[in-house]
Amino acid sequence: MKMDEILIEIQNLKKYFPLKRGIFSKGLYVHAVDDVSIQIPPRRIFSIVGESGSGKTTFGRTILRLIEPTSGKIIYKGRNIMNLNQKEMMTFRKKMQIVFQDPYNSLHPRRLVKDIIGEGLSIHEKISSGQILERVKEILKKVGLNEDHMFRYPHEFSGGQRQRIAMARALILNPEFIVLDEPTSALDVSVQATIVDLLIELKNTFSLTYLFITHNLAVVDYISDFVAVMYLGQIVEMGSKDDIFNSPSHPYTYALLSAIPDPDPKKKRSRTIPRGEIPSAVNPPEGCRFHPRCPYAKEICKRSEPEIVEVSKGHLVKCHFPLR
Amino acid sequence: MNGALLTVKNLKVVFHTYRGTVHALDHVNFTVLKNERFGIIGETGCGKSVTSLAIMRLIEQPGEIVEGEIIFDGKDLVKTQENALNTIRGREISMIFQEPLSSLNPVMKVGFQIGESIARIKNTSIKACKNDIAEVLRAVDLDPDRVANLYPHELSGGMAQRIMIAMALSSKPKLLIADEPTSALDVTIQAQIMNLLDDLVSKMNNTVILITHDLGVAAQFCDKIMIMYAGTAVEQAKTEELFANPLHPYTKGLLKAIPRVGNRDRLTGIPGSVPDLVNPPSGCRFHPRCPNAMKICSSQKPALMEINPGHLVACHLYGDENG
Ligand SMILES: Nc1ncnc2c1ncn2[C@@H]1O[C@H](COP(=O)(O)OP(=O)(O)OP(=O)(O)O)[C@@H](O)[C@H]1O
Ligand SMILES: Nc1ncnc2c1ncn2[C@@H]1O[C@H](COP(=O)(O)OP(=O)(O)OP(=O)(O)O)[C@@H](O)[C@H]1O
Ligand code: SF4
Ligand code: SF4
Ligand SMILES: [Mg+2]
Ligand SMILES: [Mg+2]
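Residues numbered from 1 in each chain as written. Chains lettered and ligands numbered in written order. Predicted model: local features only at pLDDT ≥ 70, side-chain atom pairs only at ≥ 80, totals over all residues. Heavy atoms only, no water.

When you look at the overall build of chain A in this model, what are you seeing that I'm missing?
Looking only at helices and strands, chain A features 10 helices and 12 strands. Over its C-alpha atoms chain A spans a radius of gyration of 21 Å, differing by no more than 12% from the 20 Å that the globule rule assigns to 324 residues. Oriented by its inertia axes, the alpha-carbon framework of chain A measures out at about 70 × 55 × 50 Å. Evaluated residue by residue, chain A yields a buried proportion of 53% over its 324 residues. Partitioning the intrachain contacts of chain A with sequence separation of at least 6 by distance along the chain shows that 64% fall at a separation of at least 24. (Helix = DSSP H or I, 4+ residues; strand = E, 2+ residues; numbered from the N terminus. Rg over C-alpha atoms; globule rule 2.2 N^0.38 Å. Buried < 20%, exposed > 50% of the residue type's maximum accessible area, 1.4 Å probe, protein only. Contact = heavy atoms within 4.5 Å.)

What is the right way to look at the sheet that holds strand β2 (residues 20–33) of chain B in this model?
Two pairing modes exist for strands in a sheet, parallel and antiparallel, and in both the strands are linked by backbone hydrogen bonds. Residues and elements named next belong to chain B. In space, the four strands of this open sheet follow the order β2-β1-β4-β5, with antiparallel pairing throughout. Across the chains shown, the open sheet's two edge strands, defined by having one partner strand only, are β2 and β5 (75–76). Pairing of strand β1 (residues 4–17) with β2, which is carried by 10 bridges, proceeds in the antiparallel orientation. Pairing of Leu6 across the sheet is with Val32, part of β2. (Pairing = 2+ DSSP bridges.)

Explanation requested: the site of ligand 2 in the structure shown.
Residues and elements named next belong to chain B. By nearness alone, 14 residues border ligand 2, and Gly45, Gly47, Lys48, Ser49 and Val50 come closest of all. A distance of 2.8 Å is found between an oxygen atom of ligand 2 and a backbone nitrogen or oxygen belonging to Gly45. One of the backbone N or O atoms of Val50 is found 2.8 Å from an oxygen atom in ligand 2. If you list the elements that add at least two residues to the shell around ligand 2, you get β1, β2 and α1 (48–55). Per element, the largest residue contribution to the shell around ligand 2 is three residues, and it comes from α1. Each residue belonging to the shell around ligand 2 can be placed in one class, and the counts come to six nonpolar, five polar and three charged. (Near = heavy atom within 4 Å. Polar contact = N/O pair within 3.5 Å; in protein donor to acceptor, adjacent residues only side chain to side chain. Nonpolar A, V, L, I, M, F, W, Y, C, P; charged D, E, K, R; others polar.)

I keep staring at the sheet that holds strand β10 (residues 234–240) of chain A and nothing clicks. Help me out?
All names here are of chain A. Pairing is mixed across the open sheet formed by eight strands, whose spatial order is β6-β7-β8-β3-β9-β10-β12-β11. The open sheet has two free edges, formed respectively by β6 (96–99) and β11 (308–312), since each of these has just one partner strand. Averaged over neighbouring strand pairs, the angle between their axes works out to 20° when direction is ignored. Relative to strand β7 (residues 177–181), β6 runs parallel, the two being bridged by four bridges. Bridging across to β7, Ile98 finds its partner in Val179. Against the sheet, helix α2 (residues 86–95) touches β6 and β7, its axis set at about 55° to β6. (Axes fitted to C-alpha atoms, helices over the stretch in contact; angles between N-to-C directions.)

Before we go on, may I ask you to explain the site of ligand 3 in this structure?
Surrounding ligand 3, one finds 13 residues, the nearest of these being A:Cys288, A:Cys294, A:Cys301, A:Cys319 and A:His320. Broken down by class, the residue content of the shell around ligand 3 amounts to 10 nonpolar, three polar and no charged.

Geometric descriptors of this kind do not, in isolation, establish any biological role.
Have a look at this one:
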C-alpha cells in the first residue's frame, strides 16, 4: 500500500500489564497486545475479531492512547502520535473517537442527552451554548433520533437508542476515525441489524474509517472490508474479508469459523472444533501460541514462533503450515 | 409417537414491583414430548427464564404463578406441595444455568460438591460416592484426579459448565432444563459444550428444554422450537419447519435480522424495541412493531392455533376471521 492510501498505521504495538495479584506475581505481565502491526486505509472498515481476552479492547484503546502502550508506533496520517504531549494529543483526539460496548454504563446516568452529546464540543471548540444545541439537534437527526430526545436521561432509552446516542456523541466532533468496541454485542438481534446498518450509513455520509471490534464473525462478514483475527494478543491472520471467509489459512481462523452454529438446521455443525481452552496471557505457550490446541501442530510449532507470511497479496498468516 | 412429558397450560406469572405489576408470562401453552429437545427462543426479557423457573416452581416473591397448570409426568406441579417438589427438583428435573459459578459454593472443592449432590440423590454418604464422582467427571471429559481438588474460582467458564452438566445429569433426570448454558462462553468453547451435551443427552435419552437467544445454537440442537415475544408464546414448530416456513411476523423478522456467515445480503432489523411488561401493548403484544398489524390486533389477543400439523401460531393473520 502506498503511504497516502493509509489513514492509520500501527507498528509493533505492545501492551503488557503488570500482574498485581499475589506475592509471587512480581515481574509477571499479561501480554495483552503483543507485537501487532496493521494498516487501515481511509474510509474502510477494518475488523478485529477474536475470543474473549484476546486483546481486542486493549488494542483499540491503546491506539487512541487511552491506555499508554508499552512500545510501538501509532502513525496517523504520517505522524507518529506516540511522541505527542497532552496538548498536541488534544487535536488528534477530536479526529479519533471511540464507542463502547455497553450502552448502559458508557453514558452518564444523571446528565441530559444534550449535555452528553454536546460535551465534546464544549471542551474542544469555543462556541456558545446555543450553537452547541443546534449542532446536537443536527447530529441527533443523523443517528435516527429527534430533538425531543435532547432533554431526556439515558435510562429513558432502549439499548439500541443508547447506542445511537453514543454514536452522536462520537460524531459531533467530525472525527475521521472511530474505534467501535463491540457496539452491537449488548443489543438484541432484532435491534442489532438496525444499528449495524446505521453504522454503515454514517460511515458513508461522513467519510469515516472504522476499527470495528467484535467477537461475532457473522457481523464481521457483513460489515468489513478487512479483517484481522486475534489470538492471545497477536494477529494470527489478516486480509480482505474474502481472504478470511473464503480461504481461511490459519488453523485458528478455520476453527473459529467451524465453531459457529449455523442458523440453518439443514446444515449440521462441524464436529472438528479445537480442543482445550484459551491459555493464560501471562504465560503464553512457547513457539506458536495456538499449538496446544492446533490439530496440525508439529514439533517445530512448540519451539519456534512462526513468522508472518503472505500467502497471497495482502493475505497474511502467522503459521508454519498455512492451510490452502 | 412419544407421549407428553410436560404440558404447560395457560401459564400466567406476574411480579409485583414498585413500578407496578410486571406481566411476565401471559397464558403460555406448550407441550414437551418424551425424549424431545425443545428449544425456547426469544430476546432479552421475553420470559424464557421465568418459564423455566415456573416449571421448577422456583418463582419467589415478589413473583407469583397466578393461573395455569404445569403437568409433569401426570402431576400438576402448580398444586404440588413444597416437600414433594424437593424430591422432583434435582432428581426428576435438573437445571443448568448461564452462570455456572453462581450455583457452586466458592469455598468447597468441586469433587466434594459433586459428591454431595450424588449422595443426596442416592441417600448415602459422600465417602461412598467416590467412584461416582470420578465417573461423572470423566463423562464430561474432565480429569478427576486434577479437577476434583479444584475450587470453583480455579475453573475456566467451560470447565465450570462441564461440571454443572455433570451434576445435573448425575441423577439421570427425566427432564433437563438448560438456561443459556453457553451464552457466557466463547464460540469454540460453546461448540465443545454443545457437542458434549448432544452426546450425553443422546446416550441417556433425557428430555431437554434448551433456552437460548441464539438461533444458531437452537437450529443445531433442538427438534422443536417455541418462539417467545414479550411474555407470550407466538409460534411453535419442528425446527426444520420453523426455519423453512416461519408464519408469525415476529419469527419472520427475527430470521431476517440475524447476520449469518456467508450471507452478505442486506439485513433488516425489526423497528422499535421490546415493550415494557409493566404496560404491555394490548391485544397482540407485537402489534406496535408488526408490519402486518390490523385493526383487531390492538384489541384482541390472538389465540395459539395449529395451522399445519404440529405448527402452532398465535397471530390474527391466520385466524378463522380472516380465512
Ligand atoms: N487494566 C488491565 N490490567 C491487567 N490486565 C488487563 C487489563 N486490561 C486487560 N487485561 C488483560 O489483558 C488481556 C486482554 O484483555 P482485553 O480486554 O483487551 O480482551 P478482549 O479481546 O477485549 O476481550 P473481551 O472479548 O472479553 O472484551 C486479558 O487477559 C485481560 O485480562
Ligand atoms: N424477580 C423479578 N422481579 C421483577 N421482574 C422480574 C423478575 N424476574 C423476571 N422479571 C421480569 O420478567 C420478564 C421476563 O424475564 P426473564 O428473566 O424470564 O427473561 P428472559 O427471556 O430469560 O431474558 P434473558 O434473555 O435476558 O435471560 C422481564 O420483563 C423481567 O424484567
Ligand atoms: S504454527 Fe503450527 S501450531 Fe501454530 S497454527 Fe500453524 S500449524 Fe498450528
Ligand atoms: S396478531 Fe396482528 S400484530 Fe400480532 S403478529 Fe399477527 S398480524 Fe401482527
Ligand atoms: Mg473487549
Ligand atoms: Mg434468562
